[in-house]
Amino acid sequence: YMKRPFSIFFALTFSVLGLCAQQKLAGSYSRGNHTFYPKDTNVLVKQFDSGYLAPFMIKAKDPFVLENNHVGFIDTLGNIVIKPDYINCSDFENGYAFVTRLESNQIRYGLIDRKGRIIIPIEYSHLSKCSNGLFMIGKDNKIGFISTAGKIIVPLGKYSGVAMPHPVYTEADDTPYPGFRWQTLPFFNYVQFKKYIGVRAGKKWAVINSIGQEIIPPKYDGMEIFNGNVVAVRIGLKFGLINAKGE
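Quick caveat, the model's predicted, so the values are computed rather than measured.

### Digging into the overall build of the protein
- Broken down by element type, the protein carries 1 helix and 22 strands.
- By the burial criterion, 36% of the 247 residues in the protein qualify as buried.
- Here the analysis covers contacts within the protein between residues at least 6 apart in sequence; of these, 37% occur between residues at least 24 apart.
- Element-wise, carbon and sulfur atoms account for 53% of the exposed surface of the protein, whose accessible area totals about 14700 Å².

Okay, here's the thing in C-alpha cells:
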C-alpha cells in the first residue's frame, strides 16, 4: 500500500527538479497585459517590470511551505535569466532585487542585480532599503549599513536599532483567501535615512551620518527620525529639538 504514495512523491520531486534545471519556460507572452502565461500549472509568473524581467515561482507540492518553492526571473520569451535558486524575491528597482534563502531553518535576505550577481550576501535576517540608497542589514539583534557596491558603511555589532517613524495602525483585513497566493517581497524606502539617522547603542541613542561617522555620541534616552537637519530627542522626561551638531 506504500508504493503509490512514494511513487507520487518521487514523480513530483523529479518534476520540480526538472523545471529547475531547464533553461526556458514553455508558454506565451501577452504584450497587452505585459505578462507571461506558462503552460505548466506548477509555475507562477508575476508581471514584467520596465526592463522586461519577471519573477517566476516553481511551486512545491505544498506551496505554503515556502522554503520548498523555487523562485527566479525570466524574460518575455520565457528564457530563465536568473535561476530559481531562491525561495522568494522582490521586483527589481533601480537594478536591484531582494532575494531570500533558507539557512538553518531561518530565512536569510540578500541583494542581487539584474544579471543575478549577488551584491549583498544572502546571510542577513533583515535587509531594508534606506532613502539615501544604502541598505540596513540586521542579524542577531544587531544592525549595520552597507552600500550597493558591497562596502560596509557601518559594521554589524556597534548598534542594535535605528530611529523609525511611529507606526500607522489600520483595521485588519480578515477576509479569507482560499488557495495559495504568492506575494513577492516589498522593495521601498523603509528606513528614512537621508543625511542623518538616530541609532541605538546599548540603552542610549546616538546619531550617524550617511558615511557611517558617529557625529553625536550615545547620550539620549529617545530619538525620533530626522526632519531635515533637526530631530526630536528625549533625556529622562525632558524633550527637545537638536540639530546635527547636537545643539
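### Things to note about the sheet that holds strand 10 (residues 118-124)
- Judged by pairing direction, the sheet is antiparallel, and its 4 strands sit side by side in the order 7-8-9-10 without closing on themselves. Every interior strand has two partners, whereas the edge strands, strand 7 (88-89) and strand 10, have only one.
- The sheet contact formed by strand 7 and strand 8 (residues 96-103) spans 2 bridges and is antiparallel. Bridge assignment links Asn88 to a residue of strand 8, and that residue is Thr100.

### A closer look at the packing of aromatic side chains
- Enumeration according to the criterion identifies 7 aromatic pairs in this entry.
- Taken together, a centroid distance of 4.7 Å and an interplanar angle of 50 degrees make the contact between Phe73 and Phe92 tilted. Taken together, the residues Phe73 in strand 5 (residues 70-74) and Phe92 in the loop between strand 7 and strand 8 connect sequence positions 19 residues apart. No difference in accessibility class separates Phe73 from Phe92, as the two residues are buried.
- Relative to Phe135, the ring of Phe98 lies with its centre 6.0 Å away and its plane at 85 degrees, an arrangement referred to as edge-to-face. Residue Phe98 is found in strand 8, and its partner Phe135 is found in strand 12 (residues 135-139); the two are separated by 37 residues along the sequence. Each member of the pair, Phe98 as well as Phe135, is classed as buried.
- Put simply, the rings of Phe98, Phe135 and Phe187 touch in pairs and so form one group of aromatic residues.
- Stacked on the ring of Phe92, the Lys or Arg Arg114 has its end atom at 5.1 Å from the ring centre.

### Looking at the pairing of strand 22 (residues 238-243)
- In this sheet, strand 22 lies alongside strand 21 (residues 230-235) in antiparallel orientation, the contact comprising 6 bridges. Note that in strand 22 the partner of Val231 across the bridge is Ile242.
- In sequence, strand 21 turns back onto strand 22 through a hairpin of 2 residues, with Gly236 there showing a positive phi of about 65 degrees.

### Some details on the nonpolar core
- Of all hydrophobic cores here, the largest spans 15 residues; its most connected members are Phe145, Phe193, Ile197, Val199 and Ile208.
- Counting only elements with at least two residues in this core, the list comes to strand 13 (142-146), strand 14 (152-159), strand 17 (196-201) and strand 18 (204-209).
- Counting residues per element, this core draws most heavily on strand 17, at 3 residues.
- If sequence neighbours within four positions are ignored, Ile197 has contacts with Phe145, Val162, Ala163, Val191, Gln192, Ala206, Val207, Ile208 and Phe226.

### Let's talk about unusual backbone geometry
- Positioned with a positive phi, Tyr52 is a non-glycine residue whose angle comes to about 65 degrees.
- Tracing the chain through its elements places Tyr52 in the loop between strand 3 (43-45) and strand 4 (54-58).
- Of the residues examined, Tyr52 reaches a relative accessible area of 43% and is grouped as partly exposed.
- The phi dihedral of Asp140 falls on the positive side, at around 55 degrees, and the residue is not glycine.
- Here Asp140 lies in the loop between strand 12 and strand 13.

Rules used in this analysis
Residues numbered from 1 in each chain as written. Predicted model: local features only at pLDDT ≥ 70, side-chain atom pairs only at ≥ 80, totals over all residues. Heavy atoms only, no water. Helix = DSSP H or I, 4+ residues; strand = E, 2+ residues; numbered from the N terminus. Buried < 20%, exposed > 50% of the residue type's maximum accessible area, 1.4 Å probe, protein only. Contact = heavy atoms within 4.5 Å. Areas by Shrake-Rupley, 256 points an atom, 1.4 Å probe, with all protein chains shown as cover. Pairing = 2+ DSSP bridges. Phe/Tyr/Trp six-rings, centres within 6.5 Å; stacked < 30°, edge-to-face > 60°. Lys NZ or Arg CZ within 6 Å of the ring centre and 35° of its normal. Core = buried A, V, L, I, M, F, W, Y, C linked by side-chain atoms within 4.5 Å.

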